[in-house]
Amino acid sequence: MGREYVIGVDGGNTKTDYFLFNRNGTFTDHLRDGTCSHEHIGYEGAKQKMGHCIQTLLDRNALTMADVAAGAFGLAGIDHKHQRDHLLDVIGRIGFHVYDADNDSFLGIIAGTTHGYGICSINGTGTVSGGIDPMGNRLQVGGIGELVGDDAGGVYIARRGVRAVYDSFFRCGVQTALSAPVFRMFDIYDAGELMRAIAEKDEIIHSAQMTRAVFIAASQGDAAALEILNHVGLQLAKTSAGCIRHLHFEGTVEVVLAGSVWQKAECPSLLKTYQKHMAAFLPDKTLEYSVLGVPPATGAVLWAMSLAGDDPYAGEHRAMVTQAVERAFAKP
């Protein structure tokens, strides 16, 4: 029958998910492997890794690339045209007939919006905003470091928490409830050991643990923690609003929040600050917020279906894909 299958790939900095679906939305197979990021293993390493995993997926289902209508790749580390062009060349050499690749932030938009367009603010280990407008134009803002305003993400928040404690003792900062969790993390007992601990144990800062500590302290009214989250909320809003301003939206703009910090935040302060600044930057826009409730890999499959010429938002396709991806991730 020809090209009746699509492949969707969600490639992060630690793991990569490869999904094989029939074009009618029926799940066929799933394979999880380590990172395929060129930033970790180089472009040729990415080709070998992705090529091997895709061939494995096809072989165990008695298929070949001739059976694949399209492939969609949401990959961490695609931050500008040069990187995207290199990875498109890599994917083409793997053997795809129709394919596309871009930053993994776009997967949240495709998976989490009503019609596949809007913006996605990722606030996880790091941060980035991606946008797709109704005409299909895509734009990424941020994602390459603090130099471009990436003052968010679990790693940044954790480090700001440690700095707030240091400031409170040595740089005229306010007293903060973050002292206790920072001391526990470094296994120290007083401020006199703090300089040594930071200098010698900087690499042991546990971002998830410290990020949670900042949220808990902020929920209790801690001034230093609230200052951190207010700053982060403003920077996130600048990135997201800038993305919207450079694309073409009319009417309501769907804003999808993804990443561990957005999805596990234990204090409403960050979201309130973000929404307040978004409204100030975009007074002419109606913004509709939602936390991504489905795996981003869903977006890779829906994107691949679209590249194959199908409408993934028609009928039951989207629901079928979402449920199948969730079941795949729920397996032990």
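Residues numbered from 1 in each chain as written. Predicted model: local features only at pLDDT ≥ 70, side-chain atom pairs only at ≥ 80, totals over all residues. Heavy atoms only, no water.

**What about the overall build of the protein?**
Part 1 of the reasoning: A count of helices and strands for the protein gives 12 helices and 10 strands.
Part 2 of the reasoning: Here the C-alpha atoms of the protein give a radius of gyration of 21 Å, agreeing with the 20 Å that 2.2 N^0.38 yields for 332 residues.
Part 3 of the reasoning: In terms of overall dimensions, the protein has a C-alpha envelope of 70 × 45 × 35 Å along the principal axes.
Part 4 of the reasoning: Evaluated residue by residue, the protein yields a buried proportion of 52% over its 332 residues.
Part 5 of the reasoning: Taking the intrachain contacts of the protein between residues at least 6 apart in sequence as the baseline, contacts between residues at least 24 apart amount to 67%.
Part 6 of the reasoning: Entry remark: accessible area of the protein is about 14900 Å², with carbon and sulfur atoms responsible for 51%.
Part 7 of the reasoning: Computed over 28 positive and 37 negative side-chain charges, the inter-centroid distance for the protein is 2 Å. (Helix = DSSP H or I, 4+ residues; strand = E, 2+ residues; numbered from the N terminus. Rg over C-alpha atoms; globule rule 2.2 N^0.38 Å. Buried < 20%, exposed > 50% of the residue type's maximum accessible area, 1.4 Å probe, protein only. Contact = heavy atoms within 4.5 Å. Areas by Shrake-Rupley, 256 points an atom, 1.4 Å probe, with all protein chains shown as cover. Lys, Arg positive; Asp, Glu negative; His and termini not counted. Charge placed at Lys NZ, Arg CZ, Asp CG, Glu CD.)

**A closer look at the nonpolar core**
Part 1 of the reasoning: Ranked by size, the top nonpolar core spans 48 residues in total, and within it Leu178, Phe186, Tyr274 and Met278 carry the most contacts.
Part 2 of the reasoning: Secondary structure elements with two or more residues in this core: α4 (153-170), α5 (179-186), α6 (194-201), α7 (207-219), α8 (223-245), β9 (252-258), α9 (260-264) and α10 (269-281).
Part 3 of the reasoning: When residues of this core are assigned to their parent elements, the largest contribution, 10 residues, is made by α8.
Part 4 of the reasoning: Met278 has contacts with Ile119, Ala237, Ser240, Ala241, Ile244, Val255, Leu287 and Tyr289, leaving out every residue within four places of it along the chain.
Part 5 of the reasoning: With 31 residues, the next largest nonpolar core counts Ala69, Ala72, Phe106 and Ala324 among its residues. (Core = buried A, V, L, I, M, F, W, Y, C linked by side-chain atoms within 4.5 Å.)

**So, α10**
Part 1 of the reasoning: Over its 13 residues, α10 runs 18 Å from end to end, which matches the ideal 18 Å to within 8%, given 1.5 Å per residue.
Part 2 of the reasoning: Listed in full, the buried residues belonging to α10 are Ser269, Leu270, Thr273, Tyr274, His277 and Met278. Buried residues along α10 cover an arc of 160 degrees about the axis, so they all sit on one side. Structural note: α10 exposes Lys272 and Lys276 on the side pointing more than 90 degrees away from its buried face.
Part 3 of the reasoning: Along its buried surface, α10 packs onto β6 (118-123), α7, α8, β9, α9 and β10 (286-291). (Expected span 1.5 Å × (residues − 1). Arc of directions from axis to C-beta.)

**Quick word on the sheet that holds β6**
Part 1 of the reasoning: Spatially, β8-β7-β6-β9-β10 is the arrangement adopted by the 5 strands of the open sheet, whose pairing is mixed. Edge positions in the sheet fall to β8 (138-141) and β10, since each of these pairs with one other strand and no more. Across the sheet, the axes of successive neighbouring strands diverge by a mean angle of 20 degrees, strand direction being ignored.
Part 2 of the reasoning: Sheet analysis places β6 next to strand β7 (residues 127-132), joined by 6 bridges and oriented antiparallel. Bridge pairing in β7 links Cys120 to Gly130. (Pairing = 2+ DSSP bridges. Axes fitted to C-alpha atoms, helices over the stretch in contact; angles between N-to-C directions.)

**Some details on the packing of aromatic side chains**
Part 1 of the reasoning: By the definition in use, this model includes 10 aromatic pairs.
Part 2 of the reasoning: Ring centres of Phe19 and Phe27 lie 6.4 Å apart, and the angle between their planes is 65 degrees; on these two criteria the pair is classed as edge-to-face.
Part 3 of the reasoning: An aromatic cluster is defined as three or more aromatic residues linked by ring pairs; in this entry it consists of Phe19, Phe21, Phe27 and Phe329.
Part 4 of the reasoning: Over the ring of Phe106 we find Arg138, and its NZ or CZ is 5.7 Å from the ring centre. (Phe/Tyr/Trp six-rings, centres within 6.5 Å; stacked < 30°, edge-to-face > 60°. Lys NZ or Arg CZ within 6 Å of the ring centre and 35° of its normal.)

**Things to note about the confidence of the model for the protein**
Part 1 of the reasoning: Summary statistics for the protein give a mean pLDDT of 92 and a share of 98% for residues scoring 70 or more.
Part 2 of the reasoning: Of all the helices and strands in the protein, α9 carries the lowest mean pLDDT, 86, while α8 carries the highest, 97. (pLDDT = per-residue confidence, 0-100.)

**Overview of a nonpolar patch on the surface**
Part 1 of the reasoning: On the surface, Ile144, Leu147 and Val148 cluster together into a nonpolar patch covering about 360 Å² of accessible area.
Part 2 of the reasoning: Structurally, Val148 is set in the loop between β8 and α4.
Part 3 of the reasoning: According to the relative accessible area criterion, Val148 is partly exposed, its value standing at 40%. (Patch = residues over 30% accessible without salt bridge, like charges linked within 9 Å, V, L, I, M, F, W, Y side chains within 5 Å. Salt bridge = Lys/Arg side-chain N within 4 Å of Asp/Glu carboxyl O.)

**What to know about the pattern of salt bridges**
Part 1 of the reasoning: Within the structure shown, the criterion is met by 15 salt bridges.
Part 2 of the reasoning: The residue Arg84 makes a salt bridge to Asp100 at a minimum N-O spacing of 2.7 Å. Here the residue Arg84 occupies a position in helix α2 (residues 81-94), and Asp100 occupies one in strand β5 (residues 99-103), the gap between them amounting to 16 residues.
Part 3 of the reasoning: Judged by relative accessible area, which is 24%, Arg84 ranks as partly exposed.
Part 4 of the reasoning: Accessibility expressed as a relative area gives 11% for Asp100, which makes it buried.

**Things to note about unusual backbone geometry**
Note: most residues except glycine have negative phi, and most peptide bonds are trans.
Part 1 of the reasoning: A positive phi angle, close to 65 degrees, is found at Cys172, a residue other than glycine.
Part 2 of the reasoning: Checked against the element boundaries, Cys172 lands in the loop between α4 and α5.
Part 3 of the reasoning: Residue classification places Cys172 among the exposed positions, given a relative accessible area of 83%.
Part 4 of the reasoning: Of note, Asp187 is a non-glycine position whose phi angle comes to about 60 degrees, a positive value.
Part 5 of the reasoning: Here Asp187 lies in the loop between α5 and α6.
Part 6 of the reasoning: Looking at Asp187, the relative accessible area reads 53%, which means it is exposed.

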